[in-house]
Structure formats: C-alpha cells, structure tokens
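Take a look at the letters that make up each chain.
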Amino acid sequence: MSAVVLFDGDCNVCDWSVQFIMKHDRAGYFHFASLQGEVGHKMRTTFDVPPMIDSVLLVEQDRLYTKSDAALRICRSLDSPVKFLSLLLIVPRPIRNLAYDSFARNRFHWFGKKQSCKLPTPEERRRLID
C-alpha cells in the first residue's frame, strides 16, 4: 500500500521537498500529486479540504493528514536520518502547527515561486499521479 503526498506545484520549497522525499524513499512508498492538478482536486474534494489550504497534505490508509502531522509522518517513512524528526510528533499539535503556519506564510517571500519545472526522470514520472 502506498501513500499520496499532495503539494503546491507553484512552491519552490514544495518542489524541493518532493525531490528530497523521492530521493530518500527508496521503497517508492510515496506517490505525488499537485494540489492544482485533477487528482489533487479530486482528493481535496473527497476529504473536504478548504480550497485555500496552505499545507502539504498526506493521504495514507484512507486518512488525511495536514500541516506538521503530514510533514512528520512523511519523515517517519524515509530512509535517512530525517526520519528522527518524526519524534516531534510528541510535541502538542497546536505548538507544531504554529511553527508550520509561520513557515508556510513566509515560504514564497523567502524562497519564491517556481518559474519553470524540471523534467522528471522516468522513475520520478512513475510516481507522479497528476
């Protein structure tokens, strides 16, 4: 069984994150769809996600995770030391999400928006479901 990461296709940080996840998910557990694409729209509708959500989304075992829950659950499944960040799940969600929201609000200011997309490799293309 695999999980789906829904990401903002216009965000440089999100693009970098998808590349990082692909590199450190050797088992191919995660698949990816942009929030702006058809699959992303269908999944947001299925889980009644507000249209202006400012979060990475993770759909795993028919359950939706957002914000820090999504990010840390993704970390937990990766093949790298970053998996230990999932220990932060013990921090109360409101505190974690306060930090997450602050970063999300400023990500375009700090890192900009994507002006172009790199062409995915054949392996990456197999994991994109948009």
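Predicted model only: the values in this text are computed from it and were never measured.

(A) Fine view of the overall build of the chain. Per the secondary structure count, the chain includes five helices and four strands. Ordering the α and β elements of the chain from the N terminus gives β-α-β-α-β-β-α-α-α. Out of the 130 residues in the chain, the part that is buried amounts to 40%. Put simply, 65% of the contacts in the chain that link residues at least 6 apart link residues at least 24 apart. Taken as a whole, the chain presents about 8100 Å² of accessible surface, with 60% of it coming from carbon and sulfur.

(B) Summary view of the packing of aromatic side chains. Scanning all chains against the criterion turns up two aromatic pairs. Look at Trp16 and Phe20: their rings are 5.3 Å apart centre to centre, the planes differ by 25°, and that puts the pair in the stacked class. Of the two residues, Trp16 and Phe20 are both situated in helix α1 (residues 12-24); the distance of four residues between them amounts to about one turn of the helix. By relative accessible area, Trp16 is classed as exposed at 54%. Summarising the aromatic geometry, the rings of Tyr29 and Phe30 are spaced 5.0 Å apart at their centres and angled 75° between planes, so their arrangement reads as edge-to-face. Overall, the relative accessible area of 0% leaves Phe30 in the buried class.

(C) Summary view of the nonpolar core. Within the largest apolar cluster, 18 residues are counted, with the highest numbers of intra-cluster contacts made by Val5, Phe30, Phe32, Leu58 and Ile74. At the level of elements, β1 (3-7), α1, β2 (30-34), α3 (67-76) and α4 (93-111) are the ones that each hand at least two residues to this core. Residues in contact with Ile74, not counting those within four places in the same chain, are Val5, Ile21, Phe30, Val56 and Leu58. Core analysis: the second largest hydrophobic core is formed by eight residues, Val4, Leu6, Ala33 and Val49 among them.

(D) Spatial organisation of the environment of Leu85. By the element assignment, Leu85 lies in the loop between α3 and α4. Relative accessible area serves as the criterion here: at 40%, Leu85 is assigned to the partly exposed category. Residues Leu85 and Ala71, 14 residues apart in the sequence, show an inter-C-alpha distance of 9.3 Å.

(E) The side chain of Ser68, seen in detail. Considering the arrangement of structural elements, one finds Ser68 in helix α3. The buried category is assigned to Ser68, whose relative accessible area is 5%. If we ignore the near neighbours within four places in the chain, the residues touching Ser68 are Arg96, Asn97 and Tyr100.

(F) Spotlight on the environment of Ala3. Looking at the secondary structure, you find Ala3 in strand β1. Separated by 56 residues in sequence, Ala3 and Val59 place their C-alpha atoms 5.7 Å apart. Residues within four places of Ala3 in sequence aside, it is in contact with Tyr29, Phe30, His31, Leu58, Val59 and Glu60.

(G) Geometry of unusual backbone geometry. For Gln61, which is not glycine, the phi dihedral falls at a positive 50°. Checked against the element boundaries, Gln61 lands in the loop between β3 (57-60) and β4 (63-66). What makes Gln61 exposed here is its relative accessible area of 61%. If you check the backbone angles, Lys67 has positive phi at about 50° while not being a glycine. Here Lys67 falls in the partly exposed class, since its relative accessible area comes to 23%.

Rules used in this analysis
Residues numbered from 1 in each chain as written. Predicted model: local features only at pLDDT ≥ 70, side-chain atom pairs only at ≥ 80, totals over all residues. Heavy atoms only, no water. Helix = DSSP H or I, 4+ residues; strand = E, 2+ residues; numbered from the N terminus. Buried < 20%, exposed > 50% of the residue type's maximum accessible area, 1.4 Å probe, protein only. Contact = heavy atoms within 4.5 Å. Areas by Shrake-Rupley, 256 points an atom, 1.4 Å probe, with all protein chains shown as cover. Phe/Tyr/Trp six-rings, centres within 6.5 Å; stacked < 30°, edge-to-face > 60°. Core = buried A, V, L, I, M, F, W, Y, C linked by side-chain atoms within 4.5 Å.

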